[in-house]
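If you want the building blocks of each chain, they are given just below.
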Amino acid sequence: MCGIVGYIGKEKCISKIISGLESLEYRGYDSAGIAYVKNNTVIIKKEQGRIANLKENINLEEESYMGIGHTRWATHGKPCQINSHPHKVGKVTVVHNGIIENYESLKKELSEYEWVSETDSEVVAALIDKLYREDNDMVKLLSKLKDYLVGSYALGIIIDGDDKLYAIRKDSPLIIGVSENGNFIASDVPAILEYTNLYYLILNDEYAVLSRDDVVIYDKDGNISTKNLLTFEGNREAAMKNGYEHFMLKEIYEQPKVIMDTIKEYISDLDTLKEKMSGLEKYEEIDIVGCGSAYHVGLVGKSLIEKYGHVRVNVDIASEYRYSDHIYKKNHLILVISQSGETADTLAVLRKAKEDGIDTLAIVNVVGSSIAREADRVLYIKAGVEIAVATTKAYSCQLMMLSMIALYLGIINGMLNESIFEEYKKLDKIITDILNDTSDTKSVAEIIYKNKDIFFLGRKLDYALSMEASLKLKEVSYLHSEAYAAGELKHGTISLIETGTPVISLITEDDIRLKTLSNVKEVCARGALSVIITNEEVLDKEVYDKLILIPKLHDLVGSVLVIIKCQLIAYYVAKLNGCDIDKPRNLAKSVTVE
Ligand code: F6R
């Protein structure tokens, strides 16, 4: 996922492109770049890291009236300056959002070119350069580009010596903004809202030619299209929410895609899984360390890795672990988990581990973050930018990455085989079905939102999941909530259960199903309002007031379904209570102090 912006008009372009990119930073931010035309020459500036880095190194007021910019989320080639966009080959400069699947074969066909970067996008620039040299006709060229490219693309294109800006799309978003003083291309509406709220939506295989005071759009058959000019009524933030009321809800709904983005390579075939995870089988013991939700997901990881990988796993909170004494095995791994890759305590654990000479592995979302840079080895999740302070999609992607580790170790030790890949491949469809019917989670929210105290119960894996379910609820809705190991409640805390106290029990593991149900009976006997989230019908109707049923899948695959239901309950409870869902009080997205 990347963001592109372009401008051509009567006003200077650089500050417009940069501010557009800033509002697209949610699409990716491991590097950024801009190409602009000055005195008939294309000038390219690009930097690794945030757009702020680029901004420091350019003059926003330079005399240029046409340019294209890009903020990158690395797909082909690591995040670095050379792989950043724009890419220039011959007379052609491009910014690209998407993935060109046939770039390897194109590269062979374009053997006369020398490659500077590792990207698929540079190959597109070369292809356009070659086609352009044949008859110098960009409109004709764009009409046949789809015959050459397999994959997804939104492209912004500048040609040396030409005073027009070109754009085309297939399966990657693209809009064209129009204003009195000039015209824009962008991946998303927020990029243009500072200057105009009038835009055209470009559909697959459509392309456009932009000049200072005109926009010509062509349909997929090459005819000039008379599209409706749309008006965006909201503000920038509303635009970034894509119609969702809150970022948290948007991010919950992104989960089918980002989970698949995270795991798809690993489950494509056995050789790829082995290649990507190779070496992890040598560890006798693993310490998983993180903060908050990252710690909770580590607890899920422990359950899965111990069960299938047969490796001992300890899980600790980073702020505790960093000041504790540790006994390391000869082959010991410290696995740190962090969405932001900047959490101070987690980073300190990583640095201490390196000082102690222990191997480190990081599961991280933000490409190029401190933890990602400093760990010996990184497994990136592909959650994309998470804006809501309460993590949802990143937690789920972390869980699935831990599932990939357990899967790999389980295959190596013969406990699992590749037939399970098929189950993983169905996961996005199953999550989509869950997200399409939220009546069950809404109705649970309606019966619990006025309570002060809420309890989550579970055993083993379900206990680990209930820790995160409880955190999600309390942080966004400000209700007091606690997660308890189901068998432990009677050792004290059960005194808090009274008539109407909500108890949400997670029951997905067959071997302890009946044990947890007995504990549910204990709280029901004390008047609890019982909600059960499970993957099997519960025959005894006396033990619940509401039942949420999820599909029954292998626990390596299906655990994430439980948490998605709990995220939705937390969201709807917070909404009913009128809370500031995306920015709960006292919290920060990235905790860079200890
Ligand atoms: C809770 C939440 C936090 C983070 C924690 C660690 O919803 O988001 O508990 O999980 O602050 O942050 P990262 O993963 O960035 O290290």
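One structure accompanies this document, and this report is about it. (Residues numbered from 1 in each chain as written. Predicted model: local features only at pLDDT ≥ 70, side-chain atom pairs only at ≥ 80, totals over all residues. Heavy atoms only, no water.)

## Looking at the sheet that holds strand β12 (residues 207-211)
Strands sit in the order β5-β6-β7-β8-β12-β13 across an open sheet of six strands; the sheet is antiparallel. If you trace the sheet from one side to the other, it starts and ends with β5 (87-89) and β13 (214-218), each paired once. Strand after strand, the sheet turns through a mean of 20° between neighbouring axes, direction not considered. Pairing analysis gives six bridges linking strand β6 (residues 92-97) to strand β7 (residues 153-159), with the strands arranged antiparallel. Bridge assignment links Val92 to a residue of β7, and that residue is Ile159. Set on the sheet, helix α4 (residues 120-135) makes contact with β5, β6 and β7; between it and β6 the angle comes to about 140°. (Pairing = 2+ DSSP bridges. Helix = DSSP H or I, 4+ residues; strand = E, 2+ residues; numbered from the N terminus. Axes fitted to C-alpha atoms, helices over the stretch in contact; angles between N-to-C directions. Contact = heavy atoms within 4.5 Å.)

## Focus on the site of the ligand
By nearness alone, 14 residues border the ligand, and Ser338, Gln339, Ser340, Thr343 and Glu475 come closest of all. A distance of 2.4 Å is found between an oxygen atom of the ligand and a side-chain nitrogen or oxygen belonging to Thr343. Counting residues per element, the ones that place at least two in the shell around the ligand are α10 (293-309) and α18 (460-477). Top contributing element to the shell around the ligand by residue count: α18, with three residues. Considered class by class, the residues forming the shell around the ligand number five nonpolar, seven polar and two charged. (Near = heavy atom within 4 Å. Polar contact = N/O pair within 3.5 Å; in protein donor to acceptor, adjacent residues only side chain to side chain. Nonpolar A, V, L, I, M, F, W, Y, C, P; charged D, E, K, R; others polar.)

## Points about a negative patch on the surface
On the surface, Asp269, Asp271, Glu275 and Glu418 cluster together to form a negatively charged patch. Summarising the element assignment, Asp271 is placed in helix α9 (residues 270-277). (Patch = residues over 30% accessible without salt bridge, like charges linked within 9 Å, V, L, I, M, F, W, Y side chains within 5 Å. Areas by Shrake-Rupley, 256 points an atom, 1.4 Å probe, with all protein chains shown as cover. Salt bridge = Lys/Arg side-chain N within 4 Å of Asp/Glu carboxyl O. Lys, Arg positive; Asp, Glu negative; His and termini not counted. Charge placed at Lys NZ, Arg CZ, Asp CG, Glu CD.)

## A look at the nonpolar core
Ranked by internal contacts, the top residues of the largest apolar core, which has 131 residues, are Met277, Ile305, Ile405, Leu407, Tyr424 and Val560. Here this core gets 15 residues from one element, more than from any other, and that element is helix α20 (residues 555-576). Those residues in contact with Leu407 that sit more than four places away from it in its chain are Ile267, Leu273, Leu416, Ile420, Phe421, Tyr424 and Leu556. Listed in part, the 30 residues of the second largest apolar core include Val92, Ile100, Tyr103 and Val123. (Core = buried A, V, L, I, M, F, W, Y, C linked by side-chain atoms within 4.5 Å. Buried < 20%, exposed > 50% of the residue type's maximum accessible area, 1.4 Å probe, protein only.)

## Let's talk about the pairing of strand β10 (residues 182-186)
The buried count for β10 comes to five of five residues, which makes it a mostly enclosed element. Neither face of β10 is open: one carries Gly182, Phe184 and Ala186, the other Asn183 and Ile185, and all of them are buried. Pairing of strand β9 (residues 175-179) with β10 involves five bridges; the strand directions are antiparallel. Looking at the pairing, Ser179 lines up with Gly182 of β10. Two successive antiparallel strands, β9 and β10, enclose a turn made up of two residues.

## Observations regarding helix α19 (residues 513-525)
Helix length check: α19, at 13 residues, gives a terminal C-alpha distance of 19 Å against a target of 18 Å (1.5 Å per residue), a fit within 8%. When we look at burial in α19, the residues that qualify are Arg513, Thr516, Leu517, Asn519, Val520 and Val523. Along the axis of α19, the buried residues cluster in a sector spanning 160°; they form a single face. In α19, the exposed positions that point more than 90 degrees away from the buried face belong to Leu514, Lys515 and Ala525. Elements in contact with the buried residues of α19: β22 (502-507) and β23 (529-534). Positive backbone phi, approximately 90°, marks Gly527, located one or two places after α19. (Expected span 1.5 Å × (residues − 1). Arc of directions from axis to C-beta.)

## Regarding helix α17 (residues 439-448)
Taken together, the buried positions of α17 are occupied by Asp440, Thr441, Ser443, Val444, Ala445 and Ile448. The inward-facing, buried residues of α17 contact β20 (453-458), β22, β23, β24 (546-549) and α20.

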